[in-house]
Amino acid sequence: MFAEPWQAQAFALAVTLSGQGHFTWKEWAGALAGELTAAEARGESDDGSRYYHHWVAALERLVTEKGLSDAPVLEERKAAWADAYRHTPHGKPVVLGRPD
Amino acid sequence: MADDHEHQTVPSDIALRVKALESVLVEKEMVDRAELDAVVDTYENRIGPRNGARVVARAWTDPVYKARLLANATEAIAELGYGGAQGEHMVVVENAPKVHNLVVCTLCSCYPWPTLGLPPVWYKSAGYRSRAVIDPRGVLREFGLEPPDDVEIRVWDSTAEIRYLVLPERPADTEHLTEAELAELVTRDSMIGVATVASPRTGDAA
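Residues numbered from 1 in each chain as written. Chains lettered and ligands numbered in written order. Predicted model: local features only at pLDDT ≥ 70, side-chain atom pairs only at ≥ 80, totals over all residues. Heavy atoms only, no water.

**Topic: the overall build of chain A**
- Counting its secondary structure elements, chain A contains 4 helices and 0 strands.
- Along the chain direction, N to C, the helices and strands of chain A fall in the order α-α-α-α.
- Overall, the C-alpha framework of chain A stretches about 40 × 30 × 25 Å when taken along its three principal axes.
- Here chain A holds 100 residues, and 47% of them are scored as buried.
- Look at the contacts in chain A between residues 6 or more apart in sequence, and 49% of them connect residues 24 or more apart.
- Carbon and sulfur atoms provide 53% of the accessible area of chain A, an area that totals close to 5000 Å².
- With 10 positive and 14 negative side-chain charges, chain A shows a separation of 4 Å between the mean positions of the two kinds. (Helix = DSSP H or I, 4+ residues; strand = E, 2+ residues; numbered from the N terminus. Buried < 20%, exposed > 50% of the residue type's maximum accessible area, 1.4 Å probe, protein only. Contact = heavy atoms within 4.5 Å. Areas by Shrake-Rupley, 256 points an atom, 1.4 Å probe, with all protein chains shown as cover. Lys, Arg positive; Asp, Glu negative; His and termini not counted. Charge placed at Lys NZ, Arg CZ, Asp CG, Glu CD.)

**Section: the environment of B:Ile153**
Residues and elements named next belong to chain B.
- With respect to the secondary-structure elements, Ile 153 resides in strand E3 (residues 152–157).
- Owing to a relative accessible area of 19%, Ile 153 belongs among the buried residues under this scheme.
- Considering only alpha carbons, one finds Ile 153 and Gly 193, 40 residues apart in sequence, at a separation of 9.9 Å.
- Apart from residues no more than four positions distant in its own chain, Ile 153 is found in contact with His 100, Pro 136, Arg 137, Leu 140 and Pro 147.

**Focus: the packing of helix H3 (residues 51–65) of chain A against helix H1 (residues 13–27) of chain B**
- The contact between H3(A) and H1(B) brings their axes to 11 Å, and the two run at 35 degrees. In the crossing of H3(A) with H1(B), the sense of the turn from one axis to the other is left-handed. Where H3(A) approaches H1(B), its residues A:His53, A:Val56, A:Ala57, A:Leu59, A:Glu60 and A:Val63 are matched on the opposing element by B:Ile14, B:Arg17, B:Val18, B:Leu21 and B:Leu25. (Axes fitted to C-alpha atoms, helices over the stretch in contact; angles between N-to-C directions. Left-handed = near helix turned anticlockwise from the far one by under 90°.)

**Here's the deal with the pattern of salt bridges**
- As enumerated under the stated definition, the model contains 22 salt bridges over all chains in all.
- Between A:Arg50 and A:Glu44 there is a salt bridge, with the nearest N and O atoms lying 3.5 Å from each other.
- Judged by relative accessible area, which is 36%, A:Arg50 ranks as partly exposed.
- For B:Glu22, the salt bridge identified is with B:Arg33, shortest N-O distance 3.4 Å. Taken together, the positions of B:Glu22 in helix H1 and B:Arg33 in helix H2 (residues 33–46) put the pair 11 residues apart, joining distant regions of the chain.
- A residue is classified by how much of its surface remains accessible, and B:Arg33, at 39% relative accessible area, is partly exposed. (Salt bridge = Lys/Arg side-chain N within 4 Å of Asp/Glu carboxyl O.)

**Comments concerning the nonpolar core**
- By size, the foremost hydrophobic cluster in this structure holds 88 residues, and its most contacted members are A:Phe11, A:Trp28, A:Trp55 and A:Leu59.
- Broken down by element, the residue count for this core peaks at 9 residues, all from helix H1 (residues 5–19) of chain A.
- If you count residues domain by domain, this core takes at least three from each of domain 1 (2–45) and domain 2 (48–192) of chain B.
- Ignoring any residue separated from it by four or fewer positions in sequence, one finds A:Leu59 in contact with A:Ala10, A:Leu13, A:Ala14, A:Leu17, A:Phe23, A:Trp28 and B:Leu21.
- Judged by nonpolar contacts, the second largest core, of 6 residues, contains A:Ala82, A:Ala84, A:Tyr85 and A:Val94. (Core = buried A, V, L, I, M, F, W, Y, C linked by side-chain atoms within 4.5 Å. Domains from an automatic or database assignment.)

**Regarding the domain arrangement of chain B**
- Domain boundaries assigned for chain B yield domain 1 (2–45) and domain 2 (48–192).
- Using only C-alpha atoms to locate each centre, domain 1 of chain B and domain 2 of chain B end up separated by 34 Å.

**Looking at the interface of chain A and chain B**
- On the side of chain B, 45 residues touch chain A, which itself brings 52 residues to the contact.
- For the pair chain A and chain B, the summed buried area comes to about 4400 Å², and 68% of that belongs to carbon and sulfur atoms.
- Of all residues in chain A, A:Leu13, A:Lys78 and A:Tyr85 bury the most surface against chain B, accounting for 14% of the area lost on that side.
- The interface formed by chain A and chain B holds 5 salt bridges in total.
- The partner of A:Glu40 in a salt bridge is B:Arg129, with the nearest N and O atoms 3.0 Å apart.
- Across the contact surface, chain A and chain B share 11 residue pairs in polar contact (both at pLDDT 80 or more).
- Those elements giving two or more residues to the side of chain A that touches chain B turn out to be H1, helix H2 (25–41), H3 and helix H4 (71–87) of chain A.
- Broken down by element, the side of chain A that touches chain B gets its largest block of residues, 10 residues, from H1(A).
- Partitioning the side of chain A that touches chain B into residue classes produces 30 nonpolar, 12 polar and 10 charged. (Buried area = accessible area lost by both parts, 1.4 Å probe. Polar contact = N/O pair within 3.5 Å; in protein donor to acceptor, adjacent residues only side chain to side chain. Nonpolar A, V, L, I, M, F, W, Y, C, P; charged D, E, K, R; others polar.)

Structural data, given as structure tokens:
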């Protein structure tokens, strides 16, 4: 059903945020449809395999539009995770060494 | 340095983006990690097209239930215990000898989760989404289905609010089967409308 764990995580985030009223499902469907249309306009072949990529883009867009977070914070957090993976010895759980 | 190999592989860019979203939102207590896990568990393990198949089998064996299902699908489906996200406003469309129903979501991928689970990859593809409305017979042919010319093809475009489930025709030679046995015959694709339900004896579609 989910090809990779991140797809399941992204799926659960959208369902949970909507369930808690951070956005309606109609808003969600609109955001996702917008990403799919944009991908088609870019001429990306859409055989459904990149569906969850579009899902994540829609999620980022709604999360920032709704003020739940903003792009620089997400970008910084992404870099922090990449860094954490690079510096965590194999076999150890990867944790963010955030100094706050 | 030799010990570089001891460190972990950095996940793909998209996986890191999701980790960033998740960790920021968990930290702000907008979502709860246990709740996220429960959602994934539900959709991976608990719901799927077997639920819809039970609805179809009940409708085949109980005419009163079928009447309720066609009149108010959401309530009739809830009688069997299925409901919730993406199943709040269900409409069941019935196939008949001269009517074949096909469900699509042209905008994105709206789909009745409580009865069918999550949509297959092809349902989400641009090809299916655009062609199901323009050329339904061409799409059906690709799925190996060629309804005769006098069969009307009705295409139902799902929306964020309304979700459709096809009630396929009960195949021949199934009079002796129990409701549970009938449910075994019902496939996901037959409830989207890209297949019919095969007769257990001949294997031929109804």
